[in-house]
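Residue-level structural notes
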Amino acid sequence: MAVPDIADGTLACFSTKLHRGAPVRMVFFGSSVTAGIVCKKRERSVNFPQQLAQFLEDRLGPTVNLTMDVYGYPGASPHFMRACHSSLMQTDAADLYVI
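Residues numbered from 1 in each chain as written. Predicted model: local features only at pLDDT ≥ 70, side-chain atom pairs only at ≥ 80, totals over all residues. Heavy atoms only, no water.

Okay, the sheet that holds strand 4 (residues 66-72) next. Taken in spatial order, the three strands line up as 4-1-5 in an open sheet, and their pairing is parallel. A single partner strand is all that each edge strand has here, and the edge strands are strand 4 and strand 5 (96-98). Adjacent strand axes in the sheet meet at a mean angle of 15 degrees, parallel and antiparallel pairs treated alike. Bridge analysis of strand 1 (residues 24-30) against strand 5 gives three bridges, and the strand direction is parallel. (Pairing = 2+ DSSP bridges. Helix = DSSP H or I, 4+ residues; strand = E, 2+ residues; numbered from the N terminus. Axes fitted to C-alpha atoms, helices over the stretch in contact; angles between N-to-C directions.)

The structure is reproduced here in structure tokens:
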């Protein structure tokens, strides 16, 4: 599958790595949706990052080499996440951060 044109250089690099099957690491910070508190699929809880991983595997095939770290805290406000992000995020630890 061809890599789609992406205007943002960082996202283009991430997309290229995904399509090539290179190791990719994503880190998610969020609240209840990230933690999977209210998401139900086939009688089990599924969080947003797990749904995204399934989508990518379905779209790109089994060559996706994706690692995810998920930090979801139900009820977290944007102010809480902003306060935590400086102490939790390491700029060289992931290919993509989703907040």
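Bringing the side chain of Thr34 into the picture now. With respect to the element layout, Thr34 can be found in helix 2 (residues 32-35). Aside from chain neighbours lying at most four places away, what touches Thr34 is Phe28, Phe29, Asn47, Phe48, Pro49, Val70, Tyr71 and Gly72. (Contact = heavy atoms within 4.5 Å.)

Next up on the list: the pattern of salt bridges. Scanning the model with the defined rule gives two salt bridges in all. Close ionic contact of Asp95 with Lys17 constitutes a salt bridge, the shortest N to O distance being 2.8 Å. In this pair, Asp95 sits in the loop between helix 4 (78-88) and strand 5 while Lys17 sits in helix 1 (residues 9-20), placing the two residues 78 residues apart along the sequence. On the accessibility criterion, Asp95 (29% relative accessible area) is partly exposed. A relative accessible area of 25% places Lys17 in the partly exposed class. Notably, a salt bridge pairs Arg25 with Asp69, separated by 2.0 Å at the nearest N-O pair. With a gap of 44 residues between them, Arg25 in strand 1 and Asp69 in strand 4 connect regions that are remote in the sequence. (Salt bridge = Lys/Arg side-chain N within 4 Å of Asp/Glu carboxyl O. Buried < 20%, exposed > 50% of the residue type's maximum accessible area, 1.4 Å probe, protein only.)

This paragraph deals with helix 3 (residues 48-60). A rise of 1.5 Å per residue sets the reference length of helix 3, with its 13 residues, at 18 Å; its end C-alpha atoms lie 18 Å apart and thus fit the reference within 8%. Every buried residue of helix 3 is listed here: Pro49, Leu56 and Leu60. On an axial view of helix 3, the arc spanned by its buried residues comes to 20 degrees, and they lie on one face. Where the residues of helix 3 are buried, they touch helix 1, strand 1, helix 2 and strand 4. Count one or two residues on from helix 3 and you reach Gly61, which has phi positive near 95 degrees. (Expected span 1.5 Å × (residues − 1). Arc of directions from axis to C-beta.)

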